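Remarks on the overall topology
Spelled out from the first residue to the last, the chains are:
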Amino acid sequence: MDRLKDFGAILVILLLTGSFRWFSPEQSQGGLLSLVPVPELLLVMILLVVSRTKSLGWLGRLGVPILGWLLLWNAGESFYRYFYRERFSPVHDLRYLSGLVSMLSGSDFWMTSAGTVLLAVFLFLVVLVLGRLLSGWLQHILKDLDGRWIPLLLIAAALQLVLIPGEVPSAILAEGADLEPVPVLSSVQSAIPEEAIPEEAGFADADVHIFIIESYGHTLFSNPSYREVRTRLYPVLDRELEADGWQMRSGFMRSPAFGGRSWLADATILTGIQIDTQELYDRLPASGGRNLTHFFEDAGYFRLLAAPGTSQAGEQWRNYYRFDRYLFRYDFDYQGPFVSFGAMPDQFLLYRSGELIKELEEPVFAVYTLVSSHVPFEVIPEYVPDWDLLGDGSIFSRGNLRRFDNSWLSGSEYPEGFIAGISYSLQSIRGYLNRYVEDGALAVIIGDHQPRIPISERDSTYSVPVHFLSRRPELLDILPDAWLSRSFLPKEISGEHPDMAELAFLLRDLAGGAGEFDGVRVF
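Residues numbered from 1 in each chain as written. Predicted model: local features only at pLDDT ≥ 70, side-chain atom pairs only at ≥ 80, totals over all residues. Heavy atoms only, no water.

Another aspect to go through is the pairing of strand β8 (residues 442–447). Within β8, six of the six residues are buried, leaving the element largely enclosed by the surrounding structure. Burial along β8 is two-sided: the face carrying Leu 442, Val 444 and Ile 446 and the face carrying Ala 443, Ile 445 and Gly 447 are both buried. Sheet topology places strand β1 (residues 208–213) next to β8; six bridges connect them, and they run parallel. Along β8, the bridge assignment pairs Ile 213 with Gly 447. Across five bridges, β8 lies against strand β9 (residues 463–470) in antiparallel orientation. Paired with Ile 446 across the strands is Val 466, a residue of β9. (Buried < 20%, exposed > 50% of the residue type's maximum accessible area, 1.4 Å probe, protein only. Helix = DSSP H or I, 4+ residues; strand = E, 2+ residues; numbered from the N terminus. Pairing = 2+ DSSP bridges.)

Now the structure itself:
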């Protein structure tokens, strides 16, 4: 019985410190490699064996913080590999833990200084307690192991560092610490060839609107569960938008993110840099580079960011993204019930934005980060045809909400909730276009990333739909037909979809026309 308990304890320790190996960022599974002790665990085993020498007993205590760190890192790496197909960086990613807990609990307390400190203390205590527990288990399991095993343990650790460095925690962290320079935009060629841009092209001070839809991904077109969207929603939207006078071009672009971390996609759209790591995102504001907001500032545009999923932004961030007005969560004066991640329905945030910009005389560059199609697709608002009834949002306290049997961890109606969320966001955008957007404007609708697994398939791509809409056909005719359809249904191509970073330069080239074209990607 004791041997069976020891075997169970060993299995638990191996999984708690090496389960990340089951998933690679490319989604291939490591299988039995998860049961091979990582070098850091082998180091702790060596320390425990050596600590039996009376004068070296203190070495055994070093195993507690090492095991605690390994537990924390393995949990983060496993989560990021499974949901985001990305590496976990404790330095850059742990700061978002308070946001994750706030999102899961529905309470903003964890975003405050007191909540963050409390969470950090709790995490430290949990890691310390689990580190002590695992250290005690190992001491008991290794009670019959003597110093003759140390060379074998060292060889096992060295072999892993040589043969599979990409699956060794310390080697992964060391690789992530090797900072690469922020990309230089001027070294990249332009999005649209100069000869393809007629002299009469350009926005001519027309408004530009970018709608970023949460979790609006390619899985809508590759997953059989969402056939309803392809066969019913898109043909209807196509007919309705065309009847409203809108011309359309639609295709797919490759997002830098998968399953979450929308801010990477938002920053990619604005900067023209494919921002696929948190480290690169964090370093951008200090890079001194220019982005789309600078371009539209130079052109005399009023620049608006409506982002109800964000509570606040630091001064350096605000200086880098040169918006005239920020509408964050508490700036909308929303008095309705909490709905999804951004607290309010998409239609309401668009309503507040529209009421703000309709009084402006200068041209508008507006970016809207929509939130109603955020996981877990549990509560989805219903579209209100009469926008004048939206008021302060209290109308949603009296109904106009659909509920689905979904939660953060599981759900029996994930497809239904996901489809309802995307349909609602698209319907809200159409209503906004007809109510607030002028005829000469350009509108861009794009997804931020694919929804997380299991809403997306295990082998799904990073691609998201993108739509260009305008009542000026000569403007859309400049866009490349190679990967864009002439309807609201996106065009499928056999090759790779263009990176999302291309969007910034498509907009810049469209805005400039031939007279302003400079041949390189700079803002």
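Direction vectors running N to C along helix α15 (residues 346–357) and helix α16 (residues 414–436) enclose 20 degrees, while the axes themselves pass 9 Å from each other. The angle between α15 and α16 places the two elements in the roughly parallel class. Every pair of crossing elements has a handedness; the one defined by α15 and α16 is right-handed. Between α15 and α16, the contacting residues are Asp 346, Gln 347, Leu 350, Tyr 351, Ser 353, Gly 354, Glu 355 and Ile 357 on the first element and Tyr 424, Ser 425, Ser 428, Ile 429, Tyr 432, Arg 435 and Tyr 436 on the second. Taken together, the residues of the contact of α15 with α16 break down into seven nonpolar, five polar and three charged. (Axes fitted to C-alpha atoms, helices over the stretch in contact; angles between N-to-C directions. Parallel < 35°, antiparallel > 145°, perpendicular 65-115°, else oblique. Left-handed = near helix turned anticlockwise from the far one by under 90°. Contact = heavy atoms within 4.5 Å. Nonpolar A, V, L, I, M, F, W, Y, C, P; charged D, E, K, R; others polar.)

Among the secondary structure elements, Asn 319 is positioned in helix α14 (residues 315–320). When its relative accessible area of 46% is taken as the criterion, Asn 319 is described as partly exposed. For the pair Asn 319 and Ala 286, spaced 33 residues apart in the sequence, the C-alpha separation amounts to 9.6 Å.

Attention shifts here to the environment of Pro 415. Secondary-structure assignment places Pro 415 in helix α16. A residue is classified by how much of its surface remains accessible, and Pro 415, at 27% relative accessible area, is partly exposed. Residues Pro 415 and Tyr 226, spaced 189 residues apart in sequence, show a C-alpha to C-alpha distance of 6.9 Å. When residues no more than four places from it in sequence are discounted, the contact partners of Pro 415 are Ser 225 and Tyr 226.

Time to look at the packing of aromatic side chains. In this structure the tally under the stated criterion is 30 aromatic pairs. Geometrically, the ring pair formed by Phe 296 and Phe 365 is stacked, given 4.2 Å between the ring centres and 10 degrees between the ring planes. Pair noted here: Phe 296 is in helix α13 (residues 292–298) and Phe 365 is in strand β5 (residues 364–369), with a separation of 69 residues, a long-range link. The pair formed by Phe 296 and Phe 365 is uniform in burial state, with each residue classed as buried. Among the aromatic residues, those joined into a ring-pair cluster are Phe 79, Tyr 80, Tyr 82, Phe 83, Tyr 84 and Phe 88. The ring of Phe 258 carries the charged tip of Arg 85 above its face, separated from the ring centre by 3.9 Å. In this structure, Arg 471 packs its charged tip against the face of Trp 246, placed 4.1 Å from the ring centre. (Phe/Tyr/Trp six-rings, centres within 6.5 Å; stacked < 30°, edge-to-face > 60°. Lys NZ or Arg CZ within 6 Å of the ring centre and 35° of its normal.)

Attention now goes to the confidence of the model for the chain. For the chain, mean pLDDT is 83; residues scoring 70 or higher make up 88% of the total. Throughout residues 184–201 the model reports pLDDT below 50, and contacts reaching past four residues in sequence, or to other chains, amount to 46 contacts. This model gives residues 513–520 a pLDDT under 50, and the stretch forms 20 contacts once residues within four places in sequence are excluded. (pLDDT = per-residue confidence, 0-100.)

Of note, the amide linkage connecting Val 375 to Pro 376 takes the cis form, showing an omega dihedral of 15 degrees. With respect to the element layout, Pro 376 can be found in the loop between β5 and β6 (379–381). With an omega of 15 degrees, the peptide bond between Ile 453 and Pro 454 qualifies as cis. In this structure, Arg 85 is a non-glycine residue whose phi angle is positive, near 55 degrees. Take Arg 85: its relative accessible area is 7%, and that puts it in the buried class. Of note in the backbone geometry, Phe 377 takes a positive phi value of approximately 55 degrees without being a glycine.

For the rest of this paragraph, the subject is the pattern of salt bridges. Considering all chains together, one arrives at 17 salt bridges under this definition. Measuring nitrogen to oxygen at the nearest pair gives 2.9 Å for the salt bridge that ties Arg 81 to Glu 77. Of the two residues, Arg 81 and Glu 77 both sit in helix α3 (residues 63–84), four residues apart, roughly one turn of that helix. With respect to class, Arg 81 is no different from Glu 77; both count as buried. A salt bridge links Arg 435 to Asp 388; the shortest N-O distance between them is 2.8 Å. Taken together, the positions of Arg 435 in helix α16 and Asp 388 in the loop between β6 and β7 (401–403) put the pair 47 residues apart, joining distant regions of the chain. According to the relative accessible area criterion, Arg 435 is partly exposed, its value standing at 34%. Overlapping salt bridges bring together Glu 77, Arg 81, Arg 87 and Glu 167 as one network. (Salt bridge = Lys/Arg side-chain N within 4 Å of Asp/Glu carboxyl O.)

Turning our eyes to something else, we now look at a nonpolar patch on the surface. A surface patch of nonpolar side chains, amounting to about 550 Å² of accessible area, comprises Val 12, Leu 16, Phe 122, Val 126, Leu 130, Leu 133 and Trp 137. Broken down by secondary-structure element, the contributors of at least two residues to the nonpolar patch are α1 (2–18) and α6 (113–141). The element that contributes the greatest number of residues to the nonpolar patch is α6, accounting for five residues. Among the structural elements, Leu 130 can be located in helix α6. For Leu 130, a relative accessible area of 35% translates into the label partly exposed. (Patch = residues over 30% accessible without salt bridge, like charges linked within 9 Å, V, L, I, M, F, W, Y side chains within 5 Å. Areas by Shrake-Rupley, 256 points an atom, 1.4 Å probe, with all protein chains shown as cover.)

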